[in-house]
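# Fold and contact review
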Amino acid sequence: QVQLVESGGGLVQAGGSLRLSCAASGRTFASYAMGWFRQAPGKEREFVAVISWTGATYYADSVKGRFTISRDNAKNSVYLQMNSLKPEDAAVYYCAAGPVIASHAGAYGYWGQGTQVTVSS
């Protein structure tokens, strides 16, 4: 019912910024919590941030104060503004849609293909 496509990844110097976007299809987009996860090679998918359909947000401790999640329901889009990037932030970033706010990947039923974020030191 929901298809997600990420964009905005790329190569950034440590300390720099990137803004990731996720475009969603589906008339029920506004009813979903939208999350961002990331996965580095050889590691499990890691929670980054989530925003509810009402705008409530929750962040992983590792990104709190540096990343900001937002959504524009009129555009069926969710964004992740990433500032003060560190090499440890390098990963494939995925957006996901689910019925409730959750930090566990299993709670999300819809996933994008991912966008690569590389941070050079």
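Up top is the structure these notes are about.
Note that the coordinates shown come from a computational prediction; the quantities given were computed from them, not determined experimentally.

## Some remarks on the packing of aromatic side chains
Each pair of aromatic rings is reported with the distance of its centres and the angle of its planes. Within the structure shown, the criterion is met by six aromatic pairs. Seen in terms of ring centroids, F37 and F47 are 5.6 Å apart; in terms of plane orientation they differ by 75 degrees. Their pairing is edge-to-face. With F37 in strand β4 (residues 33-39) and F47 in strand β5 (residues 46-51), this pair connects stretches of sequence that are ten residues apart. Just as F37 is buried, F47 falls in that class too. Where F37 meets Y108, the ring centres are 5.2 Å apart and the plane angle is 75 degrees; that geometry is what we call edge-to-face. Taken as a pair, F37 in strand β4 and Y108 in the loop between β9 (91-98) and β10 (110-111) lie far apart in primary sequence, 71 residues in all.

## Structural notes on the nonpolar core
Counting 35 residues, the largest nonpolar core has W36, L80, M82 and Y93 as its most contacted members. Listed by contribution, the elements that provide at least two residues to this core are β3 (18-25), β4, β5, β7 (67-72), β8 (77-82), β9 and β11 (115-120).

## So, the pattern of salt bridges
Within the structure shown, the criterion is met by four salt bridges. Linking R38 and D89 is a salt bridge whose minimum nitrogen-to-oxygen distance equals 2.9 Å. Here the residue R38 occupies a position in strand β4, and D89 occupies one in the loop between β8 and β9, the gap between them amounting to 51 residues. Here R38 falls in the buried class, since its relative accessible area comes to 4%. Overall, the relative accessible area of 0% leaves D89 in the buried class.

## What about the state of the cysteines?
A full pass over the atoms with the stated rule returns one disulfide. One disulfide bridge connects C22 with C95, the sulfur atoms lying 2.0 Å from each other. Residues C22 and C95 share a disulfide whose torsion about the S-S bond is about 55 degrees; that sign makes it right-handed. One end of the pair, C22, is in strand β3; the other, C95, is in strand β9, with 73 residues separating them in the sequence.

## Topic: the pairing of β7
By the alternation rule, side chains of β7 split into F67, I69 and R71, which are all buried, and T68, S70 and D72, of which none is buried. Relative to β8, β7 runs antiparallel, the two sharing six bridges. Residue pairing in the sheet places T68 in a bridge with Q81 of β8. Between the antiparallel neighbours β7 and β8 lie four residues, among them N76 with a positive phi of about 50 degrees.

## Description of the pairing of β8
Of all six residues making up β8, five are buried, and the element is well covered by its neighbours. Judged from the six bridges that link them, β3 and β8 form a sheet pairing that is antiparallel. Across the sheet, residue R19 finds its bridge partner in β8, namely Q81.

## Topic: the sheet that holds strand β1 (residues 3-7)
Strand order in this open sheet of four strands is β1-β3-β8-β7, and the pairing throughout is antiparallel. With partners counted over all chains shown, the strands left at the sheet margins are β1 and β7, one partner each. Going across the sheet, the axis of each strand differs from the next one's by a mean of 15 degrees, ignoring polarity.

Here is what the cut-offs are and how they apply
Residues numbered from 1 in each chain as written. Predicted model: local features only at pLDDT ≥ 70, side-chain atom pairs only at ≥ 80, totals over all residues. Heavy atoms only, no water. Phe/Tyr/Trp six-rings, centres within 6.5 Å; stacked < 30°, edge-to-face > 60°. Helix = DSSP H or I, 4+ residues; strand = E, 2+ residues; numbered from the N terminus. Buried < 20%, exposed > 50% of the residue type's maximum accessible area, 1.4 Å probe, protein only. Core = buried A, V, L, I, M, F, W, Y, C linked by side-chain atoms within 4.5 Å. Salt bridge = Lys/Arg side-chain N within 4 Å of Asp/Glu carboxyl O. Disulfide = S-S within 2.5 Å. Pairing = 2+ DSSP bridges. Axes fitted to C-alpha atoms, helices over the stretch in contact; angles between N-to-C directions.

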